[in-house]
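Commentary on secondary and tertiary structure
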Amino acid sequence: MHAELTISQADPRPMYQQIVDQVCRRIAVGDWEPGQEIPSIRALAASTRVSVITVKRAYLELEHQGVLTTRQGRGTFVSENVRLQQDLREQELDGHLARAVDVGRELGLGTRELEQRLRKVIRQREEDR
Amino acid sequence: MTTTATPAIALRGVSKRYRFFALDDVSFRLEPGQILGFVGPNGAGKSTTIRILMGLVRPDAGDVEVLGCRMPEEQVRAKWDIGFVSEEMRLFPGSALGGHLAFVRSLFPGAWDDRYAARLLRRFHLHPEQRVRELSRGEQVKAALLLALARRPRLLLLDEPTAGLDPVARQEVIGELMEVLRDEDRSILLSSHNTLDVEQVCDQIVFIDRGRIVDSGDKEAFLERWRRLSLELPATIALPEVPGVVDVARSARTAVVTVNAFDEALPAAYQRVGAVVRDVQRMTLEEIFVATVMNRRKERGE
């Protein structure tokens with residue numbers, strides 16, 4: 001099991017978020033299976049060359065989402081009942097949409113305007129094809 | 001974070017006055033198992049602080065504890081477990097690297113790890129037969145690090161460890177530093193003005209400028225607090241007073257606001273007065289560092 005993730009400093013997402021997303025993807029594609037032990041925080045920090053505190057934050061977030069389970073003194077595991085591949089992809093989509101809504105709110109857009117924007121993007125993508 | 005274990009470093013109210021420079025009331029802690037990035041401009045007091053930590057300089061005031069030892073009084077005991085690398089350290093130009101290895105090994109017979117030393121030689125592409133004067137500057141830095149690492153000290157004090165290294169060598173060094181942190185009892189303080197490295201590997205950040213600590217905290221909290229907001233607003237509207245605003249760059253119809261206490265409610269505060277928030281950007285540690293230093297200097301009228 002190769003443990004390292006790839007963290008890019010050119011990626012606009014914060015480093016902990018990149019770790020969260022990459023762990024989710026590994027599980028979504030079946031690289032890491034439900035119940036499987038995954039690298040400890042320190043092991044992943046060392047192999048990825050990113051600070052322990054950043055990996056810790058990512059793991060906490062993943063535990064919070066029910067993706068990972070930490071058993072005291074035994075290690076960190078992919079949750080047995082982790083929502084499976086399709087679910088995780090959908091969760092990823094919801095994450096993107098949530099971020100889009102956040103940006104929209106920051107820009108002062110109302111619900112109607114957000115919906116219009118989404119429709120416009122959908123039309124554009126269809127025309128692109 | 002555990003706070004019950006003996007801290008690797010605890011500085012309290014440390015001051016040291018020189019003719020043209022003073023360290024003023026420096027306090028910070030480093031817990032075991034963490035990397036602390038000590039960031040400051042040239043001449044800020046990084047090296048002086050590290051020399052105080054090594055017991056090489058006695059402060060005029062304040063308490064210094066390193067691995068539970070009071071410094072400089074108990075420096076002999078502390079130094080068994082400190083690995084120190086600075087730019088000023090010079091190896092013997094005429095001697096081979098292997099001679100240096102044998103020498104340090106003889107000084108720390110119980111601690112020296114031959115297999116680790118051999119691995120580091122391979123990783124750093126160094127050979128025991130090489131004479132120091134045949135090594136490039138980057139190779140000398142790696143050699144000095146190897147000598148400090150291979151005796152597995154509990155605390156590494158590294159003054160600008162990646163300065164003068166090419167990008168490949170820098171990644172090799174950073175990789176080895178992160179390997180050290182697999183052990184949760186070992187700690188590293190590294191001073192640097194390469195904020196890219198610090199942002200990547202450090203758990204704790206301490207900013208120092210002109211002899212004073214200007215901010216410190218855990219890295220994730222640091223990055224989370226700072227944002228830059230781009231606003232558009234009619235020229236007649238004044239921006240509301242908002243806590244944590246460090247800088248406002250205002251033209252007639254736009255403003256860029258830098259804040260160090262961001263929360264989700266902040267954009268709404270600007271929208272209420274009629275501003276449009278065009279963008280909310282995270283900041284790199286480098287941008288945060290520069291903003292912090294400039295802001296503190298402005299506050300003090302320096």
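Residues numbered from 1 in each chain as written. Chains lettered and ligands numbered in written order. Predicted model: local features only at pLDDT ≥ 70, side-chain atom pairs only at ≥ 80, totals over all residues. Heavy atoms only, no water.

1. Focus: the overall build of chain B
Heads up, the rule is: Helix numbers and strand numbers start at the N terminus; a helix is a DSSP run of H or I with at least 4 residues, a strand a run of E with at least 2. Partly exposed residues are those whose accessible area sits between 20% and 50% of the maximum for their type, while under 20% is buried and over 50% is exposed, using a 1.4 Å probe and protein chains only. Contact criterion: two residues are considered in contact whenever any of their non-hydrogen atoms come within 4.5 Å of each other. Each accessible area is a Shrake-Rupley result for a 1.4 Å probe, and residues are judged covered by the shown protein chains and nothing else. Only four residue types enter the charge count, namely Lys and Arg as positive and Asp and Glu as negative; His and the chain termini do not. Where a charge sits is defined by one atom per residue type, namely NZ (Lys), CZ (Arg), CG (Asp) or CD (Glu).
When its secondary structure is counted, chain B shows 10 helices and 14 strands. Referenced to the eigenvectors of the C-alpha coordinate spread, the extents of chain B come out at roughly 75 × 40 × 40 Å. Here chain B, with 302 residues, has 51% of them falling under the buried criterion. Counted over contacts in chain B with a minimum sequence separation of 6, partners at least 24 positions apart contribute 68%. When the accessible area of chain B is evaluated, it comes to approximately 14,000 Å², of which 51% is carbon and sulfur surface. Across chain B, the centroid of the 42 positively charged side chains sits 3 Å from that of the 43 negatively charged ones.

2. Re unusual backbone geometry
Of note, the bond from B:Met71 into B:Pro72 is cis; its omega dihedral lies within 30 degrees of zero at 0 degrees. Along the chain, B:Pro72 falls in the loop between strand 5 (69–70) and helix 2 (75–79). With phi around 60 degrees, A:Arg49 is a residue other than glycine that occupies positive phi space. Mapped onto the elements of the fold, A:Arg49 is located in the loop between helix 2 (41–48) and helix 3 (52–64).

3. Observations concerning the environment of B:Gly55
Residue and element names in this part refer to chain B. Residue placement: Gly55 occurs in the loop between helix 1 (46–53) and strand 4 (61–66). Between the C-alpha atom of Gly55 and that of Val141, which follows or precedes it by 86 residues, the distance is 22 Å. Not counting the four nearest positions on each side in its chain, Gly55 is found in contact with Met71, Pro72 and Gln75.

4. Here's the deal with the pairing of strand 2 (residues 68–71) of chain A
Residues and elements named next belong to chain A. To keep things clear, this is the line we draw: Whether two strands pair depends on DSSP finding at least two bridges between them.
Strand direction decides the pairing type here: strand 2 and strand 3 (residues 75–78), joined by 4 bridges, are antiparallel. Residue pairing for strand 3: Leu68 is matched across the bridge by Val78. Connecting the antiparallel pair strand 2 and strand 3 is a turn made up of 3 residues, with Gly73 showing a positive phi of about 75 degrees.

5. Concerning a positive patch on the surface
So the rule is basically this: Surface patches are defined over residues having more than 30% relative accessible area and no salt bridge, joining like charges when they lie within 9 Å and nonpolar side chains (Val, Leu, Ile, Met, Phe, Trp, Tyr) when within 5 Å. What makes a salt bridge here is a side-chain nitrogen of Lys or Arg within 4 Å of a carboxyl oxygen of Asp or Glu, nothing more.
On the surface, a cluster of positive charge is contributed by A:Arg117, A:Arg119, A:Lys120 and A:Arg123. Look at A:Lys120 and you get partly exposed, because its relative accessible area is 48%.

6. Digging into the confidence of the model for chain A
The criterion, for reference: Note: pLDDT gives the predictor's confidence per residue, expressed from 0 to 100.
Overall, the prediction assigns chain A a mean pLDDT of 87, with 95% of residues at 70 or greater. No element of chain A has a lower mean pLDDT than helix 4 (residues 85–106) of chain A, which averages 80, and none a higher one than helix 3 of chain A, which averages 94.

7. Side note on empty space enclosed by the protein
All names here are of chain B. Under the convention used in this document: Note on definitions: the grid is 1 Å and covers protein atoms alone; a cavity is a set of points where a 1.4 Å probe fits but cannot get out; a pocket is an open set with protein on both sides within 12 Å along at least five of seven lines; lining residues have an atom within 4 Å of a point. Grid points are joined across faces, edges and corners, and a volume is the space filled by probe spheres set on the points. Three residue categories are used. Nonpolar comprises Ala, Val, Leu, Ile, Met, Phe, Trp, Tyr, Cys and Pro, charged comprises Asp, Glu, Lys and Arg, and polar comprises the others, including Gly.
The final tally for this structure, using the stated rule, is 1 cavity of 30 Å³ or more. Here the largest cavity defines a volume of roughly 30 Å³. Taken together, Thr162, Ile174, Leu177, Leu190, Ser192 and Asp197 make up the full set of residues lining the largest cavity. Elements supplying a minimum of two residues to the lining of the largest cavity: helix 6 (167–180) and strand 8 (187–192). Here the residues of the lining of the largest cavity sort into 3 nonpolar, 2 polar and 1 charged.

8. Points about the interface of chain B and chain A
For clarity, the threshold we go by: Accessible area, probed at 1.4 Å, shrinks when two parts are joined; the buried area is that loss added up over both. We call two N or O atoms a polar contact when they sit within 3.5 Å, provided that within protein one can donate a hydrogen and the other can accept it, with sequence-adjacent residues counted only if both atoms are side-chain atoms.
Across the boundary between the two partners, chain B contributes 30 residues, which contact 22 residues of chain A. Here chain B meets chain A over a buried area of about 2,100 Å², counting both sides, of which 52% is carbon and sulfur. The interface formed by chain B and chain A holds 2 salt bridges in total. When the shortest N-O distance is used, the salt bridge between A:Arg57 and B:Glu220 registers 2.7 Å. Applying the counting criterion to the chain B and chain A interface returns 15 residue pairs in polar contact (both at pLDDT 80 or more). Sorting the residues of the side of chain B that touches chain A by element identifies helix 6, helix 7 (195–201), helix 8 (219–225), helix 9 (266–272) and strand 14 (276–282) of chain B as the ones contributing at least two each. Grouping the amino acids of the side of chain B that touches chain A by side-chain chemistry returns 11 nonpolar, 5 polar and 14 charged.

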